[in-house]
Amino acid sequence: ETGVTQTPRHLVMGMTNKKSLKCEQHLGHNAMYWYKQSAKKPLELMFVYSLEERVENNSVPSRFSPECPNSSHLFLHLHTLQPEDSALYLCASSQDRGTGFGRGGLNEQFFGPGTRLTVL
Amino acid sequence: GQSLEQPSEVTAVEGAIVQINCTYQTSGFYGLSWYQQHDGGAPTFLSYNGLDGLEETGRFSSFLSRSDSYGYLLLQELQMKDSASYFCAVRFFQTGANNLFFGTGTRLTVIP
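Predicted model, so just to flag it, every value in this text is computed and none were measured.

**Q** Looking at this structure, I do not really get the overall build of chain A. What am I missing?
**A** When you go through chain A residue by residue, the secondary structure sums to zero helices and 11 strands. Secondary structure elements of chain A, listed N to C terminal, follow the sequence β-β-β-β-β-β-β-β-β-β-β. If one aligns the C-alpha atoms of chain A with their principal axes, the spans along those axes are about 45 × 30 × 25 Å. Counting over 120 residues, chain A shows a buried share of 47%. Across chain A, every contact between residues at least 6 apart in sequence was considered, and the portion connecting residues at least 24 apart equals 58%.

Here's what the structure looks like:
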């Protein structure tokens, strides 16, 4: 396996189900991310794990729960979702190069293929 | 708050040049990145401007002007495979954070 992989690629679930999305990166990066991509909307950052520190978007509902057991694996646990949560969920990873201007501020992210989630 | 605005759609002819603009209302960011996403695919990194000016990578060039709160992606010698969505993104000054904030995206259609 190379790059960033995600499973499953497609998921259909009812509002009362509990499921988990899995992401694995094979790039030796030290940061991983979950994004939500809905139709006609920009990519929305949900969670960041960088150097074992978690940063989250405060607007993400608690029915989404991330878990990052190590720098290569990332999970998104889902429970009691709503139909409006149907979207493409993308995982990404990057190598945190610190901060600064010029190339030091570059945060090239490598994305997985995504999980297409449908909530009925 | 922060916002990154892009035209929603652009159509151009194969072989032509197209410019996709990104205007922003934010401050305190490290640089402007560009990502390409084909239908059904994952976003892939194209270019980055950490400093003002032009960066060239093959057929793609990107430009940033912080004084004008403006950047653009320039695609030359357009090919049919360039039909995709293009997103600008910035990384903010936030200690400990490592996040990108994405623009609304521009859907480019290349026609014969």
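**Q** When you look at the pattern of salt bridges in this model, what are you seeing that I'm missing?
**A** Opposite charge on two side chains allows them to pair when their charged atoms are near. All names here are of chain B. Enumeration over the complete set of coordinates arrives at four salt bridges over all chains. Between Arg107 and Asp39 there is a salt bridge; the shortest N-O distance is 2.6 Å. Here the residue Arg107 occupies a position in strand 11 (residues 106-111), and Asp39 occupies one in the loop between strand 4 (29-37) and strand 5 (44-49), the gap between them amounting to 68 residues. Arg107 gets classed as partly exposed once you look at its relative accessible area, which sits at 34%. The class for Asp39 is exposed, based on a relative accessible area of 59%. With a closest N to O distance of 2.8 Å, Arg59 and Asp82 form a salt bridge. One end of the pair, Arg59, is in the loop between strand 6 (53-57) and strand 7 (60-65); the other, Asp82, is in the loop between strand 8 (70-75) and strand 9 (84-92), and 23 residues separate them in sequence. Just as Arg59 is buried, Asp82 falls in that class too.

**Q** What exactly am I supposed to notice about the sheet that holds strand 1 (residues 4-7) of chain A here?
**A** Note: strands within a sheet are paired through backbone hydrogen bonds, in either parallel or antiparallel orientation. All names here are of chain A. Here we have four strands laid out as an open sheet, ordered 1-3-8-7, and antiparallel in their pairing. What marks the edges here is a single partner per strand, and that holds for strand 1 and strand 7 (64-70). Put simply, the sheet's adjacent strands are angled 20° from each other on average, direction ignored. In this structure, strand 7 lies alongside strand 8 (residues 73-79), joined through five bridges in antiparallel fashion. Each bridged residue has a counterpart across the sheet, and for Pro66 the counterpart in strand 8 is Leu76.

**Q** Which parts of the structure should I look at to understand the layout of surface pockets?
**A** A probe matching the size of a water molecule, rolled over the atoms, marks out where space remains unfilled. Of the voids in this model, the largest pocket is the one considered here, and its volume is about 620 Å³. Taken together, the residues that form the lining of the largest pocket break down as five nonpolar, 13 polar and seven charged.

**Q** Please clarify how the nonpolar core should be interpreted in this entry.
**A** Soluble globular proteins: nonpolar side chains tend toward being buried together. Of all hydrophobic cores here, the largest spans 23 residues; its most connected members are B:Val18, B:Leu32, B:Trp34, B:Leu75, B:Leu78, B:Tyr86 and B:Leu108. Of all the secondary-structure elements, those providing two or more residues to this core are strand 2 (9-13), strand 3 (18-24), strand 4, strand 7, strand 8, strand 9 and strand 11 of chain B. With five residues, the top contributor of residues to this core is strand 9 of chain B. Among the nonpolar cores identified, the runner-up in size contains 21 residues, and A:Leu21, A:Met32, A:Phe47 and A:Tyr49 belong to it.

Basis of the calculations
Residues numbered from 1 in each chain as written. Chains lettered and ligands numbered in written order. Predicted model: local features only at pLDDT ≥ 70, side-chain atom pairs only at ≥ 80, totals over all residues. Heavy atoms only, no water. Helix = DSSP H or I, 4+ residues; strand = E, 2+ residues; numbered from the N terminus. Buried < 20%, exposed > 50% of the residue type's maximum accessible area, 1.4 Å probe, protein only. Contact = heavy atoms within 4.5 Å. Salt bridge = Lys/Arg side-chain N within 4 Å of Asp/Glu carboxyl O. Pairing = 2+ DSSP bridges. Axes fitted to C-alpha atoms, helices over the stretch in contact; angles between N-to-C directions. 1 Å grid on protein atoms, 1.4 Å probe; cavity = no way out; pocket = protein on both sides within 12 Å on 5 of 7 lines; lining within 4 Å. Points joined across faces, edges and corners; volume = space filled by probe spheres on them. Nonpolar A, V, L, I, M, F, W, Y, C, P; charged D, E, K, R; others polar. Core = buried A, V, L, I, M, F, W, Y, C linked by side-chain atoms within 4.5 Å.

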